[in-house]
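Listed below, chain by chain, are the residues.
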Amino acid sequence: MGGETPRLLRRRGEMARVRGMENMTNRAMRIFVLAVINTVLFGHAVADDWPQWRGVNRDGVWLETGIVEKFDELSIRWRTEIGAGYSGPTVAEGRVYVTDRITKPQQMERVHCFDWETGNEIWTYAYVCEYRNVGYTAGPRANVTVHEGLVYALGAMGHLHCFNAADGDIVWKRDLNTEYNIRMPTWGIASAPIIDKDLIIVQIGGSPGACLVAFDRKNGEERWTALDDRASYAAPILISQAGERVLVCWTGDNLAGLNPQTGELHWKHPFAPDKGVISIATPVFHGGRLFVSNFFEGSLMLRVHPDRLAIEKIWRRKGVDEKNTDSLHAIMSTPLLIGDYIYGVDSYGELRCLDADTGDRIWEDVTAVPRARWGTIHCVRNGDRVWMFNERGELLVTTLSPEGLNIISRAKLIEPTRDQLNSRGGVCWSHPAYAYKHVFARNDEELVCAALAK
């Protein structure tokens with residue numbers, strides 16, 4: 001078995017596929033009718049998709065209303081078997097997408113599409129992918145990105161596929177490692193692709209001058225390349241500055257702002273590591289401030305000028321080492337910037353509140369996740385609540401303020417597994433998705449869906 005396999009691995013056979021397509025058609029009609037009625041009456045759609053990394057706007061904000069305020073236990077709607085991987089689920093147009101990896105009979109990465117209501121498989125695509133010189137081999141890292149009926153999946157070794165969302169047919173594909181001479185990061189390619197108009201943009205660390213590459217999202221043709229930097233693991237974001245859209249990318253060497261349509265560099269600020277690239281958390285932008293935090297290098301806060309394409313440093317804080325930290329040394333958890341305060345998870349799982357003006361610590365709390373190296377919590381805002389999914393597979397409903405952490409509810413959503421980290425009983429390091437008043441989460445063995453409607 002060499003190269004790509006055909007669209008296969010239909011676990012329930014062709015008849016199940018036909019029934020799934022019929023159900024999908026009926027469901028799509030129901031959703032469409034309800035959406036039209038709801039839009040006419042109330043001016044908004046029935047439910048929100050989670051079409052990319054950290055939600056609709058890539059900012060960790062979940063906009064749905066009618067969500068449960070507290071719970072004693074979670075109502076699991078369905079479970080479905082998958083393989084190992086670090087990528088979180090993506091939810092769009094009634095489908096759930098996730099990637100994983102299998103090693104027998106040969107090493108393969110897979111892209112799965114499931115029905116959101118039942119967990120039944122709609123399609124799966126598998127391709128041969130041997131991991132070389134990549135640490136932590138559990139599976140793909142980058143979340144799938146879905147936009148206007150197309151699905152973009154970027155694998156750990158740089159395989160980029162564009163699929164038709166409904167049936168999994170390949171629209172185009174590229175082997176970026178071969179084409180762009182990637183200086184492969186220690187943990188492989190991890191930065192989720194981002195869409196801007198007619199482009200799909202990826203951070204891959206290609207050389208020369210191809211840390212960032214933009215492709216025509218419909219046909220895969222290269223449109224521009226930019227920067228000689230090494231790749232990091234942090235996903236880029238789009239912000240508005242001086243009346244223009246700006247692509248903000250935290251590379252392995254700099255925090256940079258570019259024109260997303262041309263790759264032209266507007267500004268950059270150096271943030272190169274002393275101990276190797278370990279930049280994972282997504283840059284956070286709010287109220288004219290841009291914040292990043294790194295496990296070894298501490299934190300950096302920049303001012304983004306509103307009337308010109310320029311930035312300036314507000315402060316930079318760094319502790320003595322990973323245990324004796326100052327301000328915040330985040331690892332996988334993307335911090336929250338709310339008003340004049342930063343809330344983030346430090347190097348050993350300490351949840352901290354910082355003064356955004358100075359980086360000074362206001363408080364620290366160690367009840368949200370057990371203390372451990374690389375302790376992780378993924379935070380999402382919904383109204384005045386902050387939903388947390390910790391590495392023990394627990395879902396927490398909380399509020400955060402300068403006065404402290406208030407845990408309203410806590411329940412087990414999914415069990416930790418050992419492929420992602422074979423210590424402390426395993427972990428759940430993948431970011432969940434929130435859509436259709438449900439939460440979708442994965443470990444190395446299964447994908448689960450739990451109801452959250454009030």
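Values in this document were obtained by computation on a predicted structure and should not be read as measured data. (Residues numbered from 1 in each chain as written. Predicted model: local features only at pLDDT ≥ 70, side-chain atom pairs only at ≥ 80, totals over all residues. Heavy atoms only, no water.)

Asks: What should I look at first to understand the confidence of the model for the chain in this one?
Replies: Caution applies to low-pLDDT regions: their predicted coordinates should not be interpreted in detail. Counting all residues, the mean pLDDT for the chain is 91, and 90% of those residues have values of 70 or more. Element-level pLDDT for the chain is lowest in helix H1 (residues 13–42), with a mean of 40, against a maximum mean of 99 in strand E7 (residues 150–154). In the model, residues 1–46 has pLDDT below 50 throughout and makes 55 contacts with residues more than four positions away in sequence or in other chains. (pLDDT = per-residue confidence, 0-100. Helix = DSSP H or I, 4+ residues; strand = E, 2+ residues; numbered from the N terminus. Contact = heavy atoms within 4.5 Å.)

Asks: Honestly, the pairing of strand E3 (residues 95–102) in this entry has me stumped. Any pointers?
Replies: Successive side chains on a regular strand alternate, one facing one side of the sheet and the next facing the other. In terms of burial, E3 is a largely internal element, seven of the eight residues being buried. Sheet analysis places strand E2 (residues 90–92) next to E3, joined by three bridges and oriented antiparallel. By the bridge assignment, Ala92 is partnered in E3 with Arg95. Alignment of E3 against strand E4 (residues 108–115), held across eight bridges, turns out to be antiparallel. Of the residues in E4, the one forming a bridge with Ile102 is Met108. (Buried < 20%, exposed > 50% of the residue type's maximum accessible area, 1.4 Å probe, protein only. Pairing = 2+ DSSP bridges.)

Asks: Looking at this structure, how should I read the pattern of salt bridges?
Replies: If the charged atoms of two oppositely charged side chains come close together, the side chains can form a pair. Summed over the entire model, instances satisfying the criterion amount to 28 salt bridges. Residue Glu322 is joined to Arg373 by a salt bridge in which the shortest nitrogen-to-oxygen separation is 2.6 Å. Here the residue Glu322 occupies a position in the loop between strand E21 (311–317) and strand E22 (336–338), and Arg373 occupies one in the loop between strand E25 (361–365) and strand E26 (377–382), the gap between them amounting to 51 residues. For Glu322, a relative accessible area of 15% corresponds to the buried category. The exposure class assigned to Arg373 is partly exposed, which follows from its relative accessible area of 28%. Arg424 serves as the salt-bridge partner of Glu391, at 2.6 Å between the closest nitrogen and oxygen. (Salt bridge = Lys/Arg side-chain N within 4 Å of Asp/Glu carboxyl O.)

Asks: Can you walk me through the packing of aromatic side chains in this structure?
Replies: Aromatic rings in a pair are described by how distant their centres are and how their planes are angled relative to each other. A full pass over the atoms with the stated rule returns 23 aromatic pairs. With a centroid separation of 6.2 Å and an interplanar angle of 45°, the aromatic rings of Trp172 and Phe215 are classed as tilted. Of the two residues, Trp172 is situated in strand E9 (residues 170–175) and Phe215 in strand E12 (residues 210–216); the sequence distance between them amounts to 43 residues. Among the residues examined, Phe215 registers a relative accessible area of 0% and is labelled buried. (Phe/Tyr/Trp six-rings, centres within 6.5 Å; stacked < 30°, edge-to-face > 60°.)

Asks: Could you clarify how one ought to interpret the nonpolar core in this entry?
Replies: Among soluble globular proteins, nonpolar side chains are generally buried collectively. One finds Trp387, Leu395, Tyr434, Phe440 and Leu452 to be the most contacted residues of the largest nonpolar core, which totals 34 residues. The set of elements that each furnish at least two residues to this core consists of E3, strand E27 (385–390), strand E28 (394–401), strand E30 (433–435), strand E31 (438–442) and strand E32 (446–451). By residue number, the principal contributor to this core is E32, which donates four residues. When sequence neighbours within four positions are dropped, the list of residues in contact with Leu452 reads Trp62, Gly66, Ile67, Val68, Leu74, Trp387, Leu395, Tyr434, Lys437, His438 and Val439. Ala92, Tyr97, Tyr127 and Tyr131 belong to the second-largest nonpolar core, a separate cluster that totals 19 residues. (Core = buried A, V, L, I, M, F, W, Y, C linked by side-chain atoms within 4.5 Å.)

Asks: Mind showing me how you'd approach the side chain of Ser293 here?
Replies: Structurally, Ser293 is set in strand E19 (residues 289–294). By relative accessible area, which is 2% here, Ser293 ends up buried. Within the structure, Ser293 has its side chain in polar contact with the backbone nitrogen of Ala330 (distance 3.0 Å). Setting aside residues up to four positions removed in sequence, Ser293 forms contacts with Trp250, Ala281, Gly298, Ser299, Leu328, His329 and Ala330. (Polar contact = N/O pair within 3.5 Å; in protein donor to acceptor, adjacent residues only side chain to side chain.)

Asks: Honestly, unusual backbone geometry in this entry has me stumped. Any pointers?
Replies: For residues other than glycine, phi is negative in most cases, and the peptide bonds are mostly trans. Residue Pro105 is bonded to the preceding Lys104 through a cis peptide linkage, with omega at 5°. If you trace the backbone, Pro105 turns up in the loop between E3 and E4. The peptide bond linking Ser207 to Pro208 adopts the cis configuration, its omega dihedral lying at -5°. With respect to the helices, strands and loops of the structure, Pro208 is situated in the loop between strand E11 (199–206) and E12. Unlike most non-glycine residues, Trp374 shows phi in positive territory, near 70°. Within the secondary structure layout, Trp374 lies in the loop between E25 and E26. In this structure, Tyr436 takes a positive phi of about 55° despite not being glycine. Inspection of the secondary structure assignment puts Tyr436 in the loop between E30 and E31. Residue Tyr436 is classed as buried on the basis of its relative accessible area, which comes to 12%.

Asks: I keep staring at the pairing of E12 and nothing clicks. Help me out?
Replies: Buried residues dominate E12, accounting for seven of its seven residues. Note: E11 against E12, six bridges, orientation antiparallel. Along E12, the bridge assignment pairs Gly206 with Ala210. As paired strands, E12 and strand E13 (residues 222–226) are joined by four bridges and run antiparallel to one another. Among the inter-strand pairings, Phe215 is bridged to a residue of E13, identified as Glu222. The hairpin formed by E12 and E13 contains five residues between the paired strands, and Gly220 there has a positive phi angle of roughly 80°.

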